[in-house]
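Residues per chain are reported as follows:
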Amino acid sequence: MKNKKEYFWALLGRFIPQTIYLLTTIILARFLSPQDFGMIGVLTLFCTISSVLMDSGLGGSLIKENKITNLDCSSIFVFNIIISLILYFTLFICSDYIEYYFSHKGLSEVTKLLCLVFIINSWGIVPKSILMRELNFKAIGKISIISVIIASIISIILGVNGYGVYALIAYQLVNSLINVILLIKESTYKISFKFSYHSFMKLIPFGAFTTLVTCIDTLYENMITFLFGKYYNIQQAGYFYQAKKIEEVPSHSLISTINGVAFSVLTKYKDTPNEFISESNKILKTISAFMIPLLLTISLFSEPIINLLYGEKWNLAAVYLSILMFAGIFILLENINRNFIKSLGKVSLLFRYTIIKRVLGILLILGIAYLSPQYVLYAYIVSSLLGYLINNHVYCKLMNISVMSQIIVVIKLLAPGLFYYGLIYILGFWLDLPYQIFVSSFILIIYYFKILSLYNINLIKRIKSVILK
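Below is a short write-up of the structure. (Residues numbered from 1 in each chain as written. Predicted model: local features only at pLDDT ≥ 70, side-chain atom pairs only at ≥ 80, totals over all residues. Heavy atoms only, no water.)

Focus on the overall build of the protein chain
Worth spelling out the cut-off: Strands here mean DSSP runs of E at least two residues long; helices mean DSSP runs of H or I at least four residues long; both are numbered from the N terminus. Throughout, exposure labels follow a simple rule: accessible area from a 1.4 Å probe, protein chains only, divided by the maximum for the residue type, with under 20% read as buried, over 50% as exposed, and the rest as partly exposed. Residue-level accessible areas treat just the shown protein chains as cover; the underlying method is Shrake-Rupley with a 1.4 Å probe.
Broken down by element type, the protein chain carries 19 helices and 0 strands. With 469 residues in all, the protein chain has 54% of them scored as buried. Entry remark: accessible area of the protein chain is about 21,300 Å², with carbon and sulfur atoms responsible for 68%.

Have a look at this one:
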């Protein structure tokens, strides 16, 4: 892959903050209840969709355009702030209805505080887009790390001192505030409140389709937590929320980071199909080879992972985590292909197919929602597989390549991981947990050593030469 340095910094800027946040939730889980996490979980749907509407995909428009002006940037900046204020006050007014809908006391006040994040984040969208456009992922990574460290310290102090759900709210607010301040300081964009209707209309077509696609995806991704909170209870939503957060680290967060860099890189090759296909295939193979065994390992050891991270009171989250990791594989593949399509600038086509796959997925999940949470998750796996197959079909159609050839590539990438999963699962009937972990670790070390060698990592070559000597 090209621009490896930027991929590295983008991954580092996402991986380290995610790791710190995971450690923070591990500590907070000892002091907070599943209900505290569940309150944040059921609000995620509202918060995420509002954040998407606030940006309206215009940040991506700034990255995509060959040339942009200061007036273009300031127009988007003003739009983001206005929309953030509208969204905040809308949810502020509706907060009592949200509390009534979920029948959980205190949810109204949590909504009013948590949604302040919209107003804060609106100031940072344009500066971050400019840094991404310049491929300055090193600066973005450093800013993310600093913000998370400060927010985590404050959140842990509040959690230890018995502030409950407000410790989680403080994390979100402080993280956003520090992040925005540093983005504005680091970016070359100088804040301006000028607005041009012409600039806005030039950028909105790409942004509008991107926003609609992301809104539908957000509704789909957060629907299960929403259903748990409504039809079961806030506590079950808390268990699922924590399991989903672990699943999202490899299948969403890391992939969205790579996709952020890949989008900036691939858009430069959208007019040269051969180069685009070559680079996209490298991205697909590299990500899948590294991530699939990791997802399956988390599924295998979901219960000890939950116990280790959160304690025994979170045991009920283990079954959710185990099933979610299989969905995570197809989500990973779907997101990769989605980014390829987006990089080609075919967002209107992506929008149409997103409607099809998400409507089918939502209908499938809702049809099983009344049976059992576990059945809902199985439906989620099937829906995720369907989403990957549709995105793969669209990408292959655009690039005039064989759909089956791409599926065969994915099957070859899946085969070693599934063989490893089956072997460890069967050995679990005879081996105790420590021996399972030992065998699993041994296999993974050999696998990743081989993969790294195939990708010509210089460090691995040096290690091999030392061992041979």
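There is more to say after this.
Points about helix α5 (residues 107-114)
Let me state the cut-off plainly: What the arc measures is the spread of directions leading from the helix axis to the C-beta atoms.
Within α5, burial applies to Leu107, Ser108, Val110, Thr111 and Leu114. Projected down its long axis, α5 carries its buried residues within an arc of 165°, all on one side.

Quick look at the packing of aromatic side chains
Applied cut-off: Here the aromatic set is Phe, Tyr and Trp, taking the six-membered ring for Trp, and pairing holds for ring centres within 6.5 Å; pairs whose planes are under 30 degrees apart are stacked, those over 60 apart are edge-to-face, and all others are tilted.
The full count for this structure, using the stated rule, is 15 aromatic pairs. Between the aromatic rings of tyrosine 21 and tyrosine 171, the centroid separation amounts to 4.8 Å while the plane-to-plane angle is 40°, which identifies the pairing as tilted. Remark: tyrosine 171 occurs in helix α9 (residues 165-186) and tyrosine 21 occurs in helix α1 (residues 4-28); sequence separation between them is 150 residues. On the basis of relative accessibility, which here comes to 17%, the residue tyrosine 21 falls in the buried class. Here tyrosine 171 falls in the buried class, since its relative accessible area comes to 6%.

Focus on empty space enclosed by the protein
Summary: where empty space remains is shown by rolling a probe the size of a single water molecule over the atoms. The following threshold applies: Here the term cavity refers to a set of points on a 1 Å grid, laid over the protein atoms alone, in which a 1.4 Å probe fits but cannot get out; the term pocket refers to an open set having protein on both sides within 12 Å along at least five of seven lines, with lining residues being those that place an atom within 4 Å of a point. Grid points are joined across faces, edges and corners, and a volume is the space filled by probe spheres set on the points.
For the structure on display, the rule yields 2 cavities of 30 Å³ or more. Approximately 60 Å³ is the volume found for the second largest cavity. Together, Tyr21, Thr24, Thr25, Leu28, Phe37, Ile40, Ser155, Leu168, Tyr171, Gln172 and Tyr241 line the second largest cavity. The element that contributes the greatest number of residues to the lining of the second largest cavity is α1, accounting for 4 residues.

Some thoughts on the environment of lysine 313
Counted only if it meets this: Here a residue-residue contact requires only that any non-hydrogen atoms of the pair lie within 4.5 Å.
Its place among the elements puts lysine 313 in the loop between α13 (302-310) and α14 (317-343). For the pair formed by lysine 313 and arginine 30, sequence separation is 283 residues and the distance between their alpha carbons is 9.1 Å. Ignoring anything within four residues of it in the chain, the contact list for lysine 313 reads Ala29, Arg30, Leu32 and Tyr239.

A word on the pattern of salt bridges
Selection criterion: Criterion for a salt bridge: a side-chain nitrogen of Lys or Arg within 4 Å of a carboxyl oxygen of Asp or Glu.
Taken as a whole and judged by the stated rule, the model has 2 salt bridges. Across the pair glutamate 334 and lysine 357 runs a salt bridge, and its minimum N-O distance is 3.1 Å. Here lysine 357 lies in helix α15 (residues 347-368) and glutamate 334 lies in helix α14, a separation of 23 residues in the sequence. For the pair shown, glutamate 334 and lysine 357 are each scored as buried. Glutamate 334 is paired through a salt bridge with arginine 358; the nearest N and O atoms lie 2.5 Å apart. Taken together, the residues span a long stretch of sequence, with glutamate 334 in helix α14 and arginine 358 in helix α15 at a distance of 24 residues. For the pair glutamate 334 and arginine 358, one class covers both residues: buried. Connected through salt bridges with shared partners, the residues Glu334, Lys357 and Arg358 form a single ionic network.

As for the packing of α5 against α9
The criterion, for reference: Axes, fitted as lines to C-alpha atoms, cover a helix only where it is in contact. Angles between the N-to-C directions of the axes lie from 0 to 180 degrees. By the definition adopted for this analysis, an angle is roughly parallel if under 35 degrees, roughly antiparallel if over 145, roughly perpendicular if from 65 to 115, and oblique otherwise. Less than a right angle of anticlockwise turn of the near helix away from the far helix marks a crossing as left-handed, whereas a clockwise turn marks it as right-handed. Residue polarity is assigned by list, with Asp, Glu, Lys and Arg as charged and Ala, Val, Leu, Ile, Met, Phe, Trp, Tyr, Cys and Pro as nonpolar; anything else, Gly included, falls into the polar class.
Where α5 contacts α9, the axes come no closer than 10 Å and their chain directions differ by 15°. When the axis of α5 is compared with that of α9, the two are roughly parallel. Crossing angle aside, the handedness with which α5 passes α9 is right-handed. Only Val165, Tyr166, Ile169, Gln172 and Leu173 of α9 make contact with α5, whose side of the interface consists of Glu109, Val110, Leu113 and Leu114. In the contact of α5 with α9, the residues fall into 7 nonpolar, 1 polar and 1 charged.

A short note on the environment of phenylalanine 301
Mapped onto the fold, phenylalanine 301 is located in the loop between α12 (273-300) and α13. Judged by relative accessible area, phenylalanine 301 falls into the buried class, the value being 8%. A C-alpha to C-alpha distance of 10.0 Å links phenylalanine 301 and isoleucine 424, two positions 123 residues apart in sequence. Leaving out residues up to four positions away in the same chain, phenylalanine 301 has contacts with Ile424, Leu433, Gln436, Ile437 and Ser440.

Let's talk about the packing of helix α8 (residues 137-160) against α9
Running from amino to carboxyl end, α8 crosses α9 at an angle of 155°, the nearest separation of the two axes being 8 Å. Classed by the angle they form, the pair α8 and α9 counts as roughly antiparallel. Between α8 and α9 lies a crossing of right-handed hand. For the contact of α8 with α9, a count of residues per class yields 17 nonpolar, 7 polar and 1 charged.

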